[in-house]
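# Structural overview for review
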Amino acid sequence: MDAVVDFVFSGSRYKLRIDWENVVIGFGLQGIKVPQPDQNSKLATQLSNQAKDFSKLQIQQRDVQIEVRHMDKKGNFFGQLWVGGQRYASTWLGEGVAY
């Protein structure tokens, strides 16, 4: 399904606009672990900010394709995301930003 990344909340959480359905959804990237901010660890916060900045540079306001695998109770969607035909999770792993 085609979508546009409207906003990057964190390294692996995005707000996507699906124009042909006229909806905006919350989307979480599946298959990788991205550092989360931690007020007790300066390094974790720094890595989290680096991951968020990486996502902003790569996909914010860009056309992407998504495959939704499941949805949580709050209506957030989770699945895979492709940019230019390449799976975005493998881009993350290649850059060393996620594990």
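For the structure, see preceding data.
Residues numbered from 1 in each chain as written. Predicted model: local features only at pLDDT ≥ 70, side-chain atom pairs only at ≥ 80, totals over all residues. Heavy atoms only, no water.

### Observations concerning the pairing of strand β4 (residues 63-71)
Sheet topology note: the strand β1 (residues 2-8)/β4 ladder contains three bridges and is antiparallel. The partner of Ala3 across the bridge, within β4, is Val64. Relative to strand β5 (residues 77-83), β4 is paired through six bridges, and the arrangement is antiparallel. Within β5, the residue paired with Val68 across the bridge is Gly79. Counted between consecutive antiparallel strands, the loop separating β4 from β5 contains five residues, among which Gly75 sits at a positive phi close to 90°. (Pairing = 2+ DSSP bridges. Helix = DSSP H or I, 4+ residues; strand = E, 2+ residues; numbered from the N terminus.)

### Thoughts on unusual backbone geometry
Trans is the prevailing form of peptide bonds, just as negative phi is the prevailing case for residues other than glycine. Phi at Asn22 takes a positive value of approximately 60°, unusual for a residue other than glycine. Structurally, Asn22 is set in the loop between β2 (13-18) and β3 (23-29). By relative accessible area, which is 72% here, Asn22 ends up exposed. In this structure, Gln61 takes a positive phi of about 65° despite not being glycine. The residue Gln61 is located in the loop between α1 (42-59) and β4 in this model. (Buried < 20%, exposed > 50% of the residue type's maximum accessible area, 1.4 Å probe, protein only.)

### As for the environment of Gln61
Since its relative accessible area comes to 49%, Gln61 is described here as partly exposed. Measuring from C-alpha to C-alpha, the distance between Gln61 and Lys15 comes to 10 Å, with 46 residues separating the pair along the chain. At 2.9 Å, the side chain of Gln61 and the backbone oxygen of Asp6 are in polar contact. (Polar contact = N/O pair within 3.5 Å; in protein donor to acceptor, adjacent residues only side chain to side chain.)

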